[in-house]
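Chain residues, written in single-letter form:
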Amino acid sequence: MTDELDRVRDHYRATGLTDRLKTTLAVFGPEQQRLKPEQLATLDQFHTRGLAATAELANLAVITADMSVLDVGSGVGGPARFLEATYGCEVTGVDLSEPFVEAARYLTARTGQDDKVSFETGSALALPFEDGRFDAALLQHVAMNITDRPLLYREIRRVLKPGGKFATFDVVLNGGDPHYPVPWAKTPGESFLLPAEATCDAIEAAGFGTLVRRDDTAVAKAWFAELRASGPPPSLNLGVVMGQGFAELATNLGRNLMEGRLGILTAVFEAIPVKV
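Read on for an overview of the structure. On a predicted model such as this, the values are computed, not experimentally measured, just so you know.

Reading the values: rules and limits
- Residues numbered from 1 in each chain as written.
- Predicted model: local features only at pLDDT ≥ 70, side-chain atom pairs only at ≥ 80, totals over all residues.
- Heavy atoms only, no water.
- Pairing = 2+ DSSP bridges.
- Helix = DSSP H or I, 4+ residues; strand = E, 2+ residues; numbered from the N terminus.
- Axes fitted to C-alpha atoms, helices over the stretch in contact; angles between N-to-C directions.
- Contact = heavy atoms within 4.5 Å.
- Buried < 20%, exposed > 50% of the residue type's maximum accessible area, 1.4 Å probe, protein only.

## Digging into the sheet that holds strand β6 (residues 208–215)
1) Next: The strand order across the open sheet formed by seven strands is β3-β2-β1-β4-β5-β7-β6, and the pairing between neighbours is mixed. Of all the strands in the sheet, just β3 (117–121) and β6 have a single pairing partner and so form its edges. The sheet shows a mean angle of 15 degrees between the axes of neighbouring strands, direction not considered.
2) Next: In the sheet, strand β2 (residues 90–95) pairs with β3 via five bridges, with the strands oriented parallel. Bridged to T92 within β3 is S118.
3) Next: Across the sheet, helix α6 (residues 149–159) lies against β1 (68–72), β4 (134–140), β5 (160–173), β6 and β7 (262–271), angled at about 150 degrees from β5, the strand it touches most.
4) Next: Of the strands in this sheet, β5 and β7 touch helix α10 (residues 246–258), which is tilted by about 90 degrees from β7.

## Remarks on the pairing of β7
1) Next: Among the 10 residues in β7, nine count as buried, and that is most of the element.
2) Next: Across nine bridges, β5 lies against β7 in antiparallel orientation. In the strand pairing of β7, K165 is matched with E270.
3) Next: Bridging between β6 and β7 involves seven bridges; their strand directions are antiparallel. Its bridge partner being in β7, R214 is matched across the sheet by T266.

What is shown is where atoms sit, not what they do.
Structure follows, in C-alpha cells:
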C-alpha cells in the first residue's frame, strides 16, 4: 500500500507549483486582486470535459446550499470552488499531493472562498474525517490510480451520512490495452483501471444503491475532437500544473477513447443506511 501511494505522490509531484501559478495568473492583475472561479476553469479541472463535466455531475447529485460536500482527489481545487460558487455549499477537498493542496489553498484565497472551501492532505484509502460527516462526495478521474477499490469505496461510504450521494466521473477499461503515458500514469504499472460493470459492482458492494449510471464515452470523444480542431490551448491550461509533457498525456487519453480502449463512466449512488 505504501509503495502504491508513493508512486502516486511522485506522479503528481508538482515542484514549485504555487509559484508557477502566481507567475501565470499575473495576466489577471496584481497578487491582491481577487479572481473569479471561472477565470481558473481551464487549469483547475483535472478531468475530461473540464468544468462542463463537474457541472453535470453536481446537477446529477442534486447538490444544494445546505450540504457539506467532500471532493476526493481534489487537485488544485477547481471543482470545490465551483460547487461553493454555484450552490453556496460547504466543500472540503482531500488530496494525496501536498503541492496540490498548497496550490488549492492559494487559489481559493485568491477567489475569496476560503471561509467555505477548505483542503486537507490525505489518502482516499484513509480519509481524515469522522464517520457520517458529509452529505455528498464527488470522485472525478481518481480511481484509476487506486488498486484497492473496495477500500476506496468503503471509505467514501464511511464518511457519508445515510442517504448521502456519491457521484463519480471516471475513466474505465473498455477493450484492449491502453496507450501510455496517460494523465494518471506513465506506465501500466501505475494504472489500475476497471471496466464500468466491475466499478459499479464494487461501489454497490461498499454499501451504495445506484441512482444514475451512464456511458459518457461518446461525449468525451466529441470533446477531444473539438479540442484538436480548436488549435493551441489557452495560456492557462493543465500544462501549467502538470508540466510541459502534459500535452502528450492528454493526447494519449483522447487516442485511447477514440480507439475504444477506454471509456467514461458517469454515475451517482446513494449511501444505503446500515441495518442495526
